[in-house]
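Here are the chains, one letter per residue:
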Amino acid sequence: MSQVEKAALERSGRKLQYGEHEHIGVVVVDNFPALGTLTALRFIEWVQKNPNGVVSLPTGRTPEFFIKELHRFQDTWHEPDTVAELESVGIDPSVFPHTKDLRFVQIDEFYPINPRHRNSFLYYIRKYYLEAFGIKPENALLIDGEEIGLPVEGVGLEEFWADGHVDLSLRYRPAKGRIEQAQQDAIARIDQWCIGYEDRIREMGGIGFFLGGIGPDGHIGFNVRGSSPYSATRLTEVNYETQAAAAADLGGIEVARERLVITIGLGTIAHNPHCCAVIMAAGESKADIVAKSIEHPRDVRYPATALHQLKNARFYLTEGAAVRLTHRNVLSFRDQEEVHEQDIDRIVIDLSLNRRKRIVDLTPDDYKNDAFAKLLLRKTGADPRELGAGVADRMREKIERGMEVAVHTRFLHTEPHHDDIMLGYLPSVVRNIREHSNYHHFATMTSGFTAVTNRYVLGLCRALMRNLKENRVEFEQLSADGYFADARYRDHDVWRYLDGLAANSPALQENGTVRRFYRTLVQVFEETEIEEIIQRLHELLNYFETQYPGKKDLPYIQQLKGMCREWESACLWGYFGWDQDSVENLRLGFYQGEIFTEEPTVSRDAVPVKQLMERVRPDVITVAFDPEASGPDTHYKVMQAISEALRMYREESGRSDVNVIGYRNIWYRFHPSAANVFVPVSLNMMTLQHHSFMTTYLSQKDASFPSYEHDGPFSELAQKIQVEQYDQLSCCLGREYFYEHPSALIRATRGFVYLKEMSADEFASHSRELRKKAEALS
């Protein structure tokens, strides 16, 4: 075991591996940024011993903090604090970890893709590894689709594969016609190139240090579920889960569906028996696949099990990602001095769900046959029926709290992106909106432009151009009346669109939409004349017709796309009667569309949020709650900004009565024991939720950036999650509790939203350690 790992294990109080129950070593840390520190230190330790070694490092957002920490250590190597940190984990600070002589192997790449495009992995590797760490290009084994060669001389990748589709059936069937013959030849060349790539890796002795994430289906590299543990470098298809995960990189699922991948194989990674292979995973959303990858014997359903044979293979996990590792968590619970109420609830609820029995029907034998429950009885000395009755009572109390409606309360609803409130806890919002003594203010923290496809804005441009040709007189009159320049009329666009929605009139809906888009162009370009706007439209049409999906947009295009999302939020809250005075778009500065989102700063990001709090004077603030930094990076960075803003606001205002409601949505969920409010959701509310999403968030209705869990719009996934949470509670409490409840609201319930109400101090305690770690990396 490495000295870095020994130090990390000492801090965690756990062993590397728990006997026959775990087939690979595991190190657990608190949060995602801490994973970056651990992997960077382990990499430094390895490089010191292998300055000419062969490394394979990941792309995407997974290695964000690994890269940042590696830079921090190298840039401050001789500073006293860094020396002390290195020595504390057994690293010799007298040996600087030079990376220039390392040999680099690219793990995978989309195909076909232009290697100069920003969303190609080759572009990423050249920028963040070769250039940033001075690795010599001649020492890098790279996957460049243009260098593989095509059978038609002088024709590039994009021209040869005009629609982006590569038909692998040409490997086995006769080609039909000249074009298919050329494509068949190209596929054979790629296959031959992959054999050569594999040979070159093995000639170097194999990979010495491999770092990767794990996909939602368990994929390592692009070795998806079903891949052979002996697989080598190859051109292959991927499954939907992997396509969905890649959609953000490629500019939408529409593009991802057409792409194949070239990837090294599981056998490639495991070829060197001394390979230090590290898999990183954060958050409870990865807990199930992580547990199967660690505890299950080698199995093609769980690709990471192919790494079990490597003595230096490890999983580096956050607490959430490790929550399903049964044996180590049982032993950790055994050594825990105090049993908390949440521990009891989690164990009993899990027992009920695993046995598919009501809590009150669990028998003493059920408890004795479950490792956690058996230990719980031993530690508490409680009667199992009394224990279960207490858990069931607390669950019913949480439902009762979810039925309550606030009065005379000022709500500040915050969201990282424009649909997070909608997808996280809209049923709770609607219930409290109906009480007219309450005040509601809705604030989106970021511009959200990365969620808007070029195709969507291109459609808006064409619709506005058509309307200007067909209804020019209308727009000339509106412009002359100051309609587009005067912010007072912004709500009129919304009301017009909603009138069209009520009348089922696509023409009226489009009229409201293009009016707002015209207004947006006036603001972005600071021009008001129709001829000037038409000229700008021609420029935009050319831009969106020629840019490749996923390319980083120019700043004014980012602004334009962000304002498209702001229009959607205005329509959503207009749907419920709220005007522009109650809808805020802060566009915090850390969100700039980079691969690695910047860390929030006090002056740029926290101060505007504090100023918003001063204006709204909230009693309740809602927050996308991700203290482990396991969801989208924007979520926990917004959480940091809100936490600091709330600290400053309370300090300056003297208020100690502000409460926080934490919510989660489609990206990560609460365990029932971790939430303290269960909000009932009826079929009527589900219909409202889906209809309002599909008719206001128009840029999202085609689900260009979907979840790996559901091939469709997010509103359908939100409903699926709510129904699953209803199923959890009905299993634990029995369906008769709902069917026979005296309240019509509960009898009509078919879903639940889980929330966590906190005091401001409790919220601060959850975000404090994450903020410290993030500040250290910024």
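The present account deals with the structure reproduced in this document.

Calculation notes
Residues numbered from 1 in each chain as written. Predicted model: local features only at pLDDT ≥ 70, side-chain atom pairs only at ≥ 80, totals over all residues. Heavy atoms only, no water. Salt bridge = Lys/Arg side-chain N within 4 Å of Asp/Glu carboxyl O. Helix = DSSP H or I, 4+ residues; strand = E, 2+ residues; numbered from the N terminus. Core = buried A, V, L, I, M, F, W, Y, C linked by side-chain atoms within 4.5 Å. Buried < 20%, exposed > 50% of the residue type's maximum accessible area, 1.4 Å probe, protein only. Contact = heavy atoms within 4.5 Å. Pairing = 2+ DSSP bridges. Axes fitted to C-alpha atoms, helices over the stretch in contact; angles between N-to-C directions. Phe/Tyr/Trp six-rings, centres within 6.5 Å; stacked < 30°, edge-to-face > 60°. Parallel < 35°, antiparallel > 145°, perpendicular 65-115°, else oblique. Nonpolar A, V, L, I, M, F, W, Y, C, P; charged D, E, K, R; others polar. 1 Å grid on protein atoms, 1.4 Å probe; cavity = no way out; pocket = protein on both sides within 12 Å on 5 of 7 lines; lining within 4 Å. Points joined across faces, edges and corners; volume = space filled by probe spheres on them.

### Some remarks on the pattern of salt bridges
Oppositely charged side chains can pair when the atoms bearing their charge come close.
Move 1: Applying the stated criterion to the full structure yields 66 salt bridges.
Move 2: A salt bridge links Arg-394 to Glu-341, with the nearest nitrogen and oxygen atoms 3.6 Å apart. Residue Arg-394 is found in helix α17 (residues 384-403), and its partner Glu-341 is found in helix α14 (residues 341-355); the two are separated by 53 residues along the sequence.
Move 3: Ionic pairing is found between Glu-724 and Arg-669, a salt bridge with its closest N-O pair at 3.8 Å. Within this pair, whereas Glu-724 is found in helix α28 (residues 714-733), its partner Arg-669 is found in the loop between β15 (659-663) and β16 (677-682), the two being separated by 55 residues in sequence.

### Considerations on the nonpolar core
Move 1: Val-348, Met-395, Ile-399, Met-613, Leu-646 and Phe-763 are the most contacted members of the largest nonpolar core, which has 62 residues in total.
Move 2: The dominant element in this core, judged by the number of residues it contributes, is helix α26 (residues 633-653), at seven residues.
Move 3: In this structure, Ile-399 is in contact with Phe-678, Leu-729, Leu-733, Tyr-737, Phe-738, Ile-746 and Phe-752, ignoring residues within four places of it in sequence.
Move 4: In this structure, Val-54, Ile-143, Trp-161 and Ala-186 belong to the second largest nonpolar core, which totals 54 residues.

### What to know about the sheet that holds strand β13 (residues 583-585)
Move 1: Reading across from one edge, β13-β12-β11-β14-β15-β17-β16 is the order of the seven strands in this open sheet, with mixed pairing throughout. The two strands at the open ends of the sheet, each matched to only one other strand, are β13 and β16. Neighbouring strand axes in the sheet, compared pairwise and without regard to direction, differ in orientation by 25° on average.
Move 2: Here β16 pairs with strand β17 (residues 749-759) via six bridges, running antiparallel. Paired with Pro-680 across the bridge in β17 is Phe-752.

### Quick notes on the sheet that holds strand β8 (residues 260-263)
Think of a sheet as strands paired side by side through backbone hydrogen bonds, with each pair either parallel or antiparallel.
Move 1: The strand order across the open sheet built from three strands is β4-β8-β7, with neighbouring strands paired in antiparallel fashion. The sheet terminates laterally at β4 (108-111) and β7 (234-236), the two strands that pair on one side only. Here the strands of the sheet are splayed against their neighbours by 25° on average, with no regard to which way each runs.
Move 2: Alignment of β4 against β8, held across four bridges, turns out to be antiparallel. By the bridge assignment for β8, Phe-110 is matched with Val-261.
Move 3: Against the sheet, helix α8 (residues 177-203) contacts β4, β7 and β8, and its axis sits at roughly 135° relative to β7.

### Quick word on the packing of aromatic side chains
Move 1: A full pass over the atoms with the stated rule returns 39 aromatic pairs.
Move 2: Note on Phe-693 and Tyr-697: the rings are 5.5 Å apart at their centroids and 40° apart in plane angle, and the pair reads as tilted. By the burial criterion, Phe-693 is buried, and Tyr-697 matches it.
Move 3: Ring pairs connect the aromatic residues Phe-442, Trp-573, Tyr-575, Phe-576 and Trp-578, which therefore count as one cluster.

### Focus on the packing of α14 against α17
Move 1: One way to put it is that α14 packs onto α17 with a least axis distance of 10 Å and a crossing angle of 100°. Taken together, α14 and α17 sit at an angle that is classed as roughly perpendicular. The segment α14 lies against α17, with Glu-341, Ile-344, Asp-345, Val-348 and Ile-349 engaging Leu-387, Gly-388, Val-391, Arg-394, Met-395 and Lys-398.
Move 2: Of the residues assigned to the contact of α14 with α17, the class counts are six nonpolar, one polar and four charged.

### Here we look at empty space enclosed by the protein
Once rolled over the atoms, a probe with the size of a water molecule shows which space is left empty.
Move 1: Following the criterion strictly, the structure yields five cavities of 30 Å³ or more and no others.
Move 2: Of the volumes computed, that of the largest cavity is approximately 120 Å³.
Move 3: In terms of lining residues, the largest cavity is bounded by 15 residues, among which Gly-424, Arg-664, Asn-665, Ile-721 and Gln-725 are the most central.
Move 4: Elements supplying a minimum of two residues to the lining of the largest cavity: α18 (420-433), α28 and β17.
Move 5: With four residues, the single largest contributor to the lining of the largest cavity is α28.
Move 6: Its residues assigned to classes, the lining of the largest cavity shows nine nonpolar, four polar and two charged.

Function cannot be read off these values alone, since they describe shape.
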